[in-house]
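# Reading the structure
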Amino acid sequence: MTLLGIDRPLDTTQVKLWDERDLSNCDRRREHLEILLCQKVQKGEDPALCEKVLDYLYLSAFQQKLNRITVQKEKERSVFASLQQVIITSFAILGMFAFLAAASNKSVVRSPGVIPPAIEQQVN
């Protein structure tokens, strides 16, 4: 096959042998399976098992990407919801302070020891 530079199916000088060190990462395993699939097709063997494994690897990689995207979106939603709760809580606290300040101002005006001048003139 000219795509991989393989002239004969058993040409081990051009194709790396299966080595466990090279299979430690998913991309390397996929690459080796693709090479094995091409060799099986070239030999005339049934490549169905290799195709199934490659499909599984591609789909699992796609699923992992989708999961990462979903997790990222959930984190963003969580951060937004937390920020929204902080803002609502802070406005509620500010509203309580404003209400208490207004109530305390009215109570100072209505205290029995202090009579407003207009009422004092009416009483006299």
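Moving on, we come to the overall build of the protein. Broken down by element type, the protein carries 3 helices and 0 strands. For the protein, the α and β elements follow one another from N to C terminus as α-α-α. Across the 124 residues of the protein, 13% fall into the buried class. Restricting to contacts in the protein with at least 6 residues of sequence separation, those with at least 24 account for 42%.

Membership of the largest hydrophobic core is limited to 5 residues, which are Leu33, Leu37, Cys50, Leu54 and Leu57. Sorting the residues of this core by element identifies helix H1 (26-43) and helix H2 (48-109) as the ones contributing at least two each. Setting aside residues no more than four positions away along its own chain, Leu54 makes contact with Arg30, Leu33, Glu34 and Leu37.

Further remarks concern the pattern of salt bridges. What the rule picks out here adds up to 2 salt bridges. Linking Lys40 and Glu45 is a salt bridge whose minimum nitrogen-to-oxygen distance equals 3.2 Å. Measuring nitrogen to oxygen at the nearest pair gives 2.7 Å for the salt bridge that ties Glu74 to Arg77. Of this pair, Glu74 and Arg77 both sit in helix H2, separated by 3 residues, roughly a single helical turn.

Quick look at a nonpolar patch on the surface now. Taken together, the side chains of Leu83, Ile87, Phe91, Ile93, Leu94, Phe97, Phe99 and Leu100 present a nonpolar region at the surface, about 880 Å² in accessible area. Its location among the elements puts Phe99 in helix H2. The exposed category is assigned to Phe99, whose relative accessible area is 58%.

As a further point, take H1. In a regular helix each residue adds 1.5 Å, so 18 residues correspond to 26 Å; H1 covers 25 Å between its end C-alpha atoms and thus fits that length. Along H1, the positions that sit buried rather than exposed are Arg30, His32, Leu33, Ile35, Leu37, Cys38 and Gln39.

Secondary-structure assignment places Arg29 in helix H1. Taking the C-alpha atoms as reference points, Arg29 and Leu54, separated by 25 residues in sequence, lie 9.4 Å from one another.

The share of residues in the protein with pLDDT of 70 or more is 66%, and the mean pLDDT across the chain is 76. Ignoring residues within four places in sequence, the model shows residues 11-15, a span with pLDDT below 50, making 7 contacts including any to other chains.

Definitions and cut-offs
- Residues numbered from 1 in each chain as written.
- Predicted model: local features only at pLDDT ≥ 70, side-chain atom pairs only at ≥ 80, totals over all residues.
- Heavy atoms only, no water.
- Helix = DSSP H or I, 4+ residues; strand = E, 2+ residues; numbered from the N terminus.
- Buried < 20%, exposed > 50% of the residue type's maximum accessible area, 1.4 Å probe, protein only.
- Contact = heavy atoms within 4.5 Å.
- Core = buried A, V, L, I, M, F, W, Y, C linked by side-chain atoms within 4.5 Å.
- Salt bridge = Lys/Arg side-chain N within 4 Å of Asp/Glu carboxyl O.
- Patch = residues over 30% accessible without salt bridge, like charges linked within 9 Å, V, L, I, M, F, W, Y side chains within 5 Å.
- Areas by Shrake-Rupley, 256 points an atom, 1.4 Å probe, with all protein chains shown as cover.
- Expected span 1.5 Å × (residues − 1).
- pLDDT = per-residue confidence, 0-100.

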